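The lines below spell out each chain.
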Amino acid sequence: MLRIATLFLCALALFANAAAAQQVKIGFIDAARIERESKELQRGAEILKQEFAAREREVNALYNKVNTLRAELEKLKPGTSAAGQGKKQREFSIVVQRLEQARRSLTEDVDLRKNDELKKFYANVNAVVEKIAKAMNLDLVLQEATYVSKAHDITDQVIKTLNATAGAK
C-alpha cells in the first residue's frame, strides 16, 4: 500500500513539474482607461444626454416654478387671508411633489439606460479582448493589478479596435 502511495505521489510530482514548465502568457487591460478613451462610450453618453434632454428641461422648469412659488409665499403680506395663503401653500406643495417625482423618475430612468449601455459596452469590450487574446495566444487577461509591465498591457490594442469598430458604426 505504501508503494502505491509513493508511486502516486511521484506521478503527481512529475505531472505538476511538467505543468509548471509551461510558460503562461498573460495580458492586462486598464478598464478605466478604456472607458475614458473609448469613442463608443463617449458617443453613448451624448446619445443619452440627448435622449433625456426634454425631461431634464421639464425638471428644470418645475424647479424654477418651485422657486417662484416659494418667493411668492415669502412675499405674502401678513394681512392676506388664510384662504389665500392656504391656496398658495397647497399649490406650492403640489408643485414640489411633482418636482420630486419627476426628478426621481428621471434619475431612475437615466440610471437604467446607463446600465444598459454599459452592459452592451462591456460585452463588446469582452469580445474584443477575447479576440485579441486568441490572436496573441494569451492564456490569461487580467483587469486589475498592482503592477503591470508595458509588455503585458494590451489596453492600447483594445482601445484602437473599439474605436475602429465605433467609427465604422
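You'll find the structure just up there.
What you see is a predicted model; the values in this text were computed from it and never measured.

Caption draft 1: Structural context of the packing of aromatic side chains. Under the counting rule described, the total for this entry stands at 1 aromatic pair. Residues Phe121 and Tyr122 carry aromatic rings whose centres are separated by 5.3 Å and whose planes lie at 70 degrees to one another, so their mutual orientation is edge-to-face.

Caption draft 2: Summary view of the packing of helix α3 (residues 39-51) against helix α5 (residues 82-135). Running from N to C, α3 and α5 point in directions that differ by 160 degrees, and their axes come no closer than 11 Å. Relative to α5, the element α3 lies roughly antiparallel. Considering the relative orientation of α3 and α5, their crossing is right-handed. Between α3 and α5, the residues in contact are Glu40, Leu41, Leu48 and Glu51 and Arg113, Lys114, Glu117, Leu118, Phe121 and Asn124, respectively. Broken down by class, the residue content of the contact of α3 with α5 amounts to 4 nonpolar, 1 polar and 5 charged.

Caption draft 3: Representation of the environment of Asp156 in the model. Here Asp156 lies in helix α6 (residues 155-168). Judged by relative accessible area, Asp156 falls into the partly exposed class, the value being 33%. When the C-alpha atoms of Asp156 and Glu37 are compared, they prove to be 9.7 Å apart, with 119 residues separating the residues in sequence. Not counting residues up to four positions away in its chain, the partners in contact with Asp156 are Arg33 and Lys150.

Caption draft 4: Seen up close, the side chain of Thr155. Structurally, Thr155 can be placed in helix α6. At a separation of 2.8 Å, a polar atom in the side chain of Thr155 contacts the main-chain amide nitrogen of Asp30. What Thr155 contacts, discounting residues up to four positions off in sequence, is Phe28, Ile29, Asp30, Arg33 and Ile34.

Caption draft 5: Molecular detail of α5. Helix length check: α5, at 54 residues, gives a terminal C-alpha distance of 78 Å against a target of 80 Å (1.5 Å per residue), a fit within 8%. Burial in α5 covers these residues: Gly86, Phe92, Val95, Leu99, Leu106, Val110, Phe121, Val125, Val128, Val129, Ile132 and Ala133. Phi turns positive one or two residues past the end of α5, at Asn137, with a value near 55 degrees.

Caption draft 6: How the structure looks around the side chain of Ser38. With respect to the secondary-structure elements, Ser38 resides in the loop between α2 (31-37) and α3. Judged by its relative accessible area of 1%, Ser38 falls in the buried class. There is a polar contact of 3.3 Å between the side chain of Ser38 and the backbone nitrogen of Leu41. Aside from chain neighbours lying at most four places away, what touches Ser38 is Phe121 and Asn163.

Caption draft 7: Seen up close, the nonpolar core. Counting 14 residues, the largest nonpolar core has Ile29, Ile34, Phe121, Val125, Ile154, Val158 and Leu162 as the members making the most contacts within it. Only α5 and α6 provide two or more residues apiece to this core. Counting residues per element, this core draws most heavily on α5, at 6 residues. Discounting residues that sit within four places of it in the chain, Ile29 has contacts with Ile34, Val129, Val141, Leu142, Gln143, Ile154, Thr155 and Val158. Listed in part, the 11 residues of the second largest apolar core include Val59, Leu69, Leu106 and Val110.

Definitions and cut-offs
As a convention, each chain's residues are numbered from 1 in the sequence order in which they are written. The model is predicted, so local features are restricted to residues of pLDDT at least 70 and side-chain atom pairs to those at 80 or more, both for listing and for counting; the totals for chains, interfaces and linings are taken over all residues. Hydrogens and waters are ignored; side-chain quantities use all the structure's heavy atoms. Each Phe, Tyr or Trp ring, with Trp reduced to its six-membered ring, pairs with another whose centre is within 6.5 Å; inter-plane angles below 30 degrees give stacked pairs, above 60 give edge-to-face pairs, and intermediate values give tilted ones. Comment: axis = line fitted to C-alpha atoms, over the contacting stretch for helices; angle = value between 0 and 180 degrees taken between N-to-C directions. Secondary structure counts use DSSP, requiring at least four H or I residues in a row for a helix and at least two E residues in a row for a strand, with both numbered from the N terminus. In this scheme, roughly parallel covers angles under 35 degrees and roughly antiparallel covers those over 145, while 65 to 115 is roughly perpendicular and the rest are oblique. Should the near helix be turned counterclockwise from the far one by less than a right angle, the crossing is left-handed, whereas a clockwise turn marks it as right-handed. Residue contacts are defined here by distance: any two heavy atoms, one from each residue, within 4.5 Å place the two residues in contact. When residue character is reported, Ala, Val, Leu, Ile, Met, Phe, Trp, Tyr, Cys and Pro are called nonpolar, Asp, Glu, Lys and Arg charged, and the others, Gly included, polar. The classification of residues rests on relative accessible area computed with a 1.4 Å probe and restricted to protein chains. Under 20% of the type maximum is buried, over 50% is exposed, and intermediate values are partly exposed. Pairs of N or O atoms within 3.5 Å make up the polar contacts considered here, provided that, within protein, one atom can donate a hydrogen while the other can accept it, and that residues adjacent in sequence are counted only when both atoms are side-chain atoms. To estimate the expected span of a helix, count its residues, drop one, and scale the result by 1.5 Å. Among the buried residues, those of types Ala, Val, Leu, Ile, Met, Phe, Trp, Tyr and Cys that are joined through side-chain atoms within 4.5 Å form a nonpolar core.

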